[in-house]
Amino acid sequence: MATVSLHEALEALRQEITQTPIDSEAAAEAFRIRFLGQRSGQLTHLFKRLRELPPEERPLLGGQLNALKRLAEQRLEEARLRLRPTPTGSAEIPDLTLPGRRMFTGSLHPLTQTLEAIVRVFEQLGFAVVEGPEIEDDWHNFSALNFPPDHPARDMQDTFFLHQGASYAEAVVLRTHTSPVQIRVMERMQPPIRIIAPGRVYRNEAVSYKSFCLFHQVEGLYVDQNVSMGDLKQTLHLFAQALFGKDVRMRFRPSYFPFTEPSAEVDIWWPLPDHPEGGRWMEILGCGMVHPNVFRAVGIDPERYTGYAFGMGVERIAMLRYGIDDIRLFYENDVRFLEQF
Ligand code: PHE
């Protein structure tokens, strides 16, 4: 009699153990206490009742009870794994169809990327890279570049003076362009010379969407026998195609610089769908044939050598490259802007 009811109790318990849902941490704990509890768990209870059986029947039923206990333990273990809190604090199984978490890996500043792209093009054309100081004297920044003493570029409007001195020749300034590097290179070496000089320049101008008090230029200088304006145009055309693609539209406009004659400025067409004319010209550089007075100032014979020079604005080129319409964005270090590059 006792045997039958113990068998029946075991079967009933098996049903309960396999069918009781475990869908929360609380349910798992209740399950453990109810079936596996040391003192009043239902399995413990049945184990105690084994004594009611004749000794020869105990091993069989005992084995079945042990198997049922393992089943209960397995269900509990499986439920705990499933319910284990995820890193988000929710107990749900992660949704593997969700998009992955984005990795923030820094990147080079868009100006650095543009500067490197420019330098790469000219290196391929055989130009060597040189650098000059950002603090300059009057000679290198102005006088040797054929600026007359009363030239407006010397004016305090444009130039940051670090030291003014008794006369203009004693001035120490933050360089207003990279052209002084031309002078420093030609003072040291004779032609052939083929260099570019990237770097920062400073101008005391009203800050607006198109001008900032500091910006970057890449200077170029090529001096040899029989260098012509045609060479200059071809080099700049190759450059524009390398940076903006084969279909780039560029134009040369006559201009004036004290240190080149003739002089020109180069514009690139900026297509703008919303613009009434479909886009506008953007000036990116000044250039020209090295003025004989500049050669004389550095001891190079202007009868023997000719050369061209150019100075391009890196910010302007970066604006064209990325479609940025305000130069100040480059200097605000807003991560929402920078992370797009
Ligand atoms: N230095 C000039 C500027 O800053 C650009 C330039 C460089 C023009 C070399 C001619 C030759 O605007």
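As the structure is a computational prediction, the values presented were derived from the model and not from experiment.

Some remarks on the packing of helix α8 (residues 229-244) against helix α10 (residues 314-322)
Across the interface, α8 lies against α10 with an axial gap of 11 Å and an inter-helix angle of 45°. What the angle tells us is that α8 and α10 run oblique. Listed contacts from α10 to Phe-239, Leu-243 and Phe-244 of α8 are Ile-317, Leu-320 and Arg-321. Taken together, the residues of the contact of α8 with α10 break down into 5 nonpolar, no polar and 1 charged.

So, the sheet that holds strand β10 (residues 306-313)
The strand order β1-β5-β6-β10-β9-β8-β7 describes an open sheet built from 7 strands, whose pairing is mixed. The open sheet is flanked by β1 (128-129) and β7 (250-257), the only strands paired with a single partner. Packing against the sheet, α10 makes contact with β6 (214-224), β8 (260-271), β9 (279-290) and β10, and its axis sits at approximately 145° to β9.

Focus: the pattern of salt bridges
As enumerated under the stated definition, the model contains 12 salt bridges in all. Ionic pairing is found between Arg-34 and Glu-16, a salt bridge with its closest N-O pair at 2.1 Å. Of this pair, Arg-34 sits in helix α2 (residues 25-36) while Glu-16 is found in helix α1 (residues 2-19), placing the two residues 18 residues apart along the sequence. Note on Arg-34: relative accessible area 34%, which makes it partly exposed. One continuous salt-bridge network, built from bridges that share partners, spans Arg-251, Arg-253, Glu-265 and Asp-267.

Things to note about the nonpolar core
Counting residues in hydrophobic clusters, the biggest one holds 44 residues, and the most contacted among them are Ile-118, Leu-236, Phe-239, Ile-284, Phe-310 and Met-312. At 6 residues, the largest contribution of residues to this core is made by helix α5 (residues 110-124). Setting aside chain neighbours within four positions, we find Ile-118 in contact with Val-218, Phe-239, Leu-243, Met-312, Val-314 and Ile-317. By size, the runner-up hydrophobic cluster in this structure holds 23 residues, among which are Ile-183, Ile-195, Leu-221 and Val-294.

Quick notes on the rules
- Residues numbered from 1 in each chain as written.
- Predicted model: local features only at pLDDT ≥ 70, side-chain atom pairs only at ≥ 80, totals over all residues.
- Heavy atoms only, no water.
- Axes fitted to C-alpha atoms, helices over the stretch in contact; angles between N-to-C directions.
- Helix = DSSP H or I, 4+ residues; strand = E, 2+ residues; numbered from the N terminus.
- Parallel < 35°, antiparallel > 145°, perpendicular 65-115°, else oblique.
- Contact = heavy atoms within 4.5 Å.
- Nonpolar A, V, L, I, M, F, W, Y, C, P; charged D, E, K, R; others polar.
- Pairing = 2+ DSSP bridges.
- Salt bridge = Lys/Arg side-chain N within 4 Å of Asp/Glu carboxyl O.
- Buried < 20%, exposed > 50% of the residue type's maximum accessible area, 1.4 Å probe, protein only.
- Core = buried A, V, L, I, M, F, W, Y, C linked by side-chain atoms within 4.5 Å.

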